[in-house]
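# Commentary on secondary and tertiary structure
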Amino acid sequence: MIDERVHPDLAHWAEVIERLRWAAFLIDHSGRLVWASPDVQRFLGSPREEELGYGLHVLEAFTSASWRHLSTSDSGRRLLSDLGPFVIGDAQTHDAILEAVPEEFRELLAEIESRSFVRPIATSFDHVEPHSDSDLPVSRVNVLAIPLRDESGASVGVVVLGYMAVRPGLVSLLARGDETMYERMAKLVEPQSHEGAILFCDLEASSDLARTLPTAGYFRLIRSL
């Protein structure tokens, strides 16, 4: 749940995002991380809430262990460079961030200069599976950061959406599957011993169908089944 002290507009965004089951997080007008959706938390490997960095400046939170192991080193640094200028804040905040972040990021963040955030920003990173023995990226994740304002036009924060770089046509194929099955599959990413069963299904008279139907029609039938 989002902190009650957070601006009500941000609380509204959190409610909408969670209902839509989007992967997103919210930053307040001071640049502090205030909320991450359940889907983002699962994406991070389900760390404890205190490990997410709520209340910290987003650049400080991003350089903590829970967040920085989400991406390859190069793409993570690119993400910080792309988003940093729009959330860095004033000079005092900048200096405080440099004191708080690991030394390996200080040179990068020291070069960032604050810029006004008036338009959405698109960037990306190469995702690495949390808790995996491999540091090879498994997918590209697109990121869209959108400034949020209240009715008077004053800044209330930023919503940052993450979405897999997958063509809509491929997503539609996945959508035909069973969501519960996909949820079970997601829990089996890490290799370990599991009980399992194999179900083999044979389509009756498939050879006759293959000879009767055009090839494209036959494969459309198989996919639909």
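Residues numbered from 1 in each chain as written. Predicted model: local features only at pLDDT ≥ 70, side-chain atom pairs only at ≥ 80, totals over all residues. Heavy atoms only, no water.

### Brief notes about empty space enclosed by the protein
In this structure the tally under the stated criterion is one cavity of 30 Å³ or more. Considered as a void within the structure, the largest cavity measures approximately 90 Å³ in volume. In terms of lining, the largest cavity is formed by 13 residues, of which the most central are Ile27, Val58, Leu83, Val87 and Val160. Elements with a contribution of two residues or more to the lining of the largest cavity: helix H3 (58-62), helix H5 (73-87) and strand E5 (155-164). (1 Å grid on protein atoms, 1.4 Å probe; cavity = no way out; pocket = protein on both sides within 12 Å on 5 of 7 lines; lining within 4 Å. Points joined across faces, edges and corners; volume = space filled by probe spheres on them. Helix = DSSP H or I, 4+ residues; strand = E, 2+ residues; numbered from the N terminus.)

### Some points on the nonpolar core
One finds Phe25, Leu59, Phe62, Trp67 and Leu109 to be the most contacted residues of the largest nonpolar core, which totals 34 residues. A total of five residues in this core trace back to one element, the largest contributor, which is H5. (Core = buried A, V, L, I, M, F, W, Y, C linked by side-chain atoms within 4.5 Å. Buried < 20%, exposed > 50% of the residue type's maximum accessible area, 1.4 Å probe, protein only.)

### Details of a nonpolar patch on the surface
The grouping of Met164, Val166, Leu170, Val171 and Leu173 at the surface amounts to a nonpolar patch, some 380 Å² of accessible area in total. Among the elements that line the nonpolar patch, the one with the most residues is helix H8 (residues 168-175), at three residues. Looking at Met164, the relative accessible area reads 37%, which means it is partly exposed. (Patch = residues over 30% accessible without salt bridge, like charges linked within 9 Å, V, L, I, M, F, W, Y side chains within 5 Å. Areas by Shrake-Rupley, 256 points an atom, 1.4 Å probe, with all protein chains shown as cover. Salt bridge = Lys/Arg side-chain N within 4 Å of Asp/Glu carboxyl O.)

### A short note on the environment of Ser30
Summarising the element assignment, Ser30 is placed in the loop between strand E1 (23-28) and strand E2 (33-36). Here Ser30 falls in the partly exposed class, since its relative accessible area comes to 38%. Each C-alpha atom of the pair Ser30 and Leu109 lies 17 Å from the other, and the pair is 79 residues apart in sequence. Side-chain polar atoms of Ser30 contact the side chain of His29, separated by 3.5 Å. (Polar contact = N/O pair within 3.5 Å; in protein donor to acceptor, adjacent residues only side chain to side chain.)

### Quick notes on the pairing of E1
The buried count for E1 comes to five of six residues, which makes it a mostly enclosed element. Strand direction decides the pairing type here: E1 and E5, joined by six bridges, are antiparallel. Across the sheet, residue Phe25 finds its bridge partner in E5, namely Val160. Note: E1 against E2, three bridges, orientation antiparallel. Paired with Ile27 across the two strands is Leu33, which belongs to E2. (Pairing = 2+ DSSP bridges.)

### So, the pattern of salt bridges
Should the charged atoms of two oppositely charged side chains come close, the side chains can pair. Counted under the stated rule, the structure contains eight salt bridges. One salt bridge in this structure joins Glu15 and Arg19, with 3.8 Å as the shortest N-O distance. Placement of both Glu15 and Arg19 in helix H1 (residues 8-20) is noted, with a separation of four residues, approximately one turn of the helix. When salt bridges with common partners are traced through the structure, they connect Arg48, Glu50 and Glu51 into a single cluster.

### Here we look at the sheet that holds E2
The five strands lie next to each other as E2-E1-E5-E4-E3, forming an open sheet whose pairing is antiparallel. The sheet is open, and its two borders are formed by E2 and strand E3 (121-127), each paired with just one other strand. Averaged over all adjacent pairs, the angle separating strand axes in this sheet is 20 degrees, with direction ignored. Sheet strands in contact with H1 are E1, E2, strand E4 (139-149) and E5, and its direction is about 175 degrees off that of E1. Seen against the sheet, H5 touches E1, E3 and E4 and runs at an angle of roughly 155 degrees to E3. (Axes fitted to C-alpha atoms, helices over the stretch in contact; angles between N-to-C directions. Contact = heavy atoms within 4.5 Å.)

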